[in-house]
Amino acid sequence: MPTNSNLEVRKVTEQADLDKVFAVRREVFVVEQNCPPELEWEFEDESTHFLATVNGEPAGACRWRKTDKGYKLERFAVLKKFRGHGIGQALVQTVLDDLPANATYVYMHAQTQAVSLYERFNFEKTGPEFEEAGIWHYKMIRK
C-alpha cells in the first residue's frame with residue numbers, strides 16, 4: 001500500500017455503500033474463510049455498518065449492534081491486499097468512538113488470530129476458545 005494512501009473509515013447507510021460493505025465481508029468470510037453465506041448474513045437491518053476505504057477503494061468493513069447483553073462488535077474484515085497497514089485498528093477505533101455514551105458492556109466474538117488486535121483496545125478474552133461458523137473464536141469483553 002503506498003505511503004501516501006488516504007485511509008478513511010466512515011459509518012454508511014446508503015445502499016451503494018452497504019453493497020461495498022457486504023462485498024468485502026463476502027470476500028473475506030465466505031470466499032476466503034469458507035463461512036456459510038447464511039451464517040455470515042444476519043442482523044443487517046439492526047446493525048450500524050462501517051466501510052474503510054483506501055484512496056476511495058473498499059478495503060475493510062465492520063459493524064456494531066445492540067443486543068440483549070450490550071453492544072456487540074462484529075464482522076471485522078479487511079481485504080487481503082490491505083492487511084498489515086492499520087486498517088483493522090482504524091475500524092476498531094472508529095466503531096468504539098461511534099458507540100453510545102451509555103455503552104458500558106461492549107463485547108465481541110473475536111477470531112483467534114485477531115485477538116491481539118482487540119487486546120490493544122482493552123478487550124480481554126473470557127472463557128474457552130469456541131468454534132463459530134467453522135472458525136475458532138474467543139469471546140472478548142472491553143474492560
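Here's what I pulled together on the structure shown here. (Residues numbered from 1 in each chain as written. Predicted model: local features only at pLDDT ≥ 70, side-chain atom pairs only at ≥ 80, totals over all residues. Heavy atoms only, no water.)

Quick word on the packing of aromatic side chains
- What the rule picks out here adds up to four aromatic pairs.
- An angle of 75° between the planes, with centres 6.5 Å apart, marks the rings of Y118 and F123 as edge-to-face.
- Residue classification places Y118 among the buried residues on the basis of a relative accessible area of 6%.
- For F123, a relative accessible area of 2% gives the class buried.
- Grouped by ring-pair contacts, the aromatic residues F76, Y118 and F123 constitute a single cluster. (Phe/Tyr/Trp six-rings, centres within 6.5 Å; stacked < 30°, edge-to-face > 60°. Buried < 20%, exposed > 50% of the residue type's maximum accessible area, 1.4 Å probe, protein only.)

Some details on the pattern of salt bridges
- Under the definition given, this model contains 11 salt bridges.
- The closest approach of N and O atoms between R65 and E46, which form a salt bridge, is 3.7 Å. Within this pair, whereas R65 is found in strand 3 (residues 57-66), its partner E46 is found in the loop between helix 2 (37-40) and strand 2 (48-54), the two being separated by 19 residues in sequence.
- The exposure class assigned to R65 is buried, which follows from its relative accessible area of 8%. (Salt bridge = Lys/Arg side-chain N within 4 Å of Asp/Glu carboxyl O. Helix = DSSP H or I, 4+ residues; strand = E, 2+ residues; numbered from the N terminus.)

Honestly, it's all geometry; don't read function into it.
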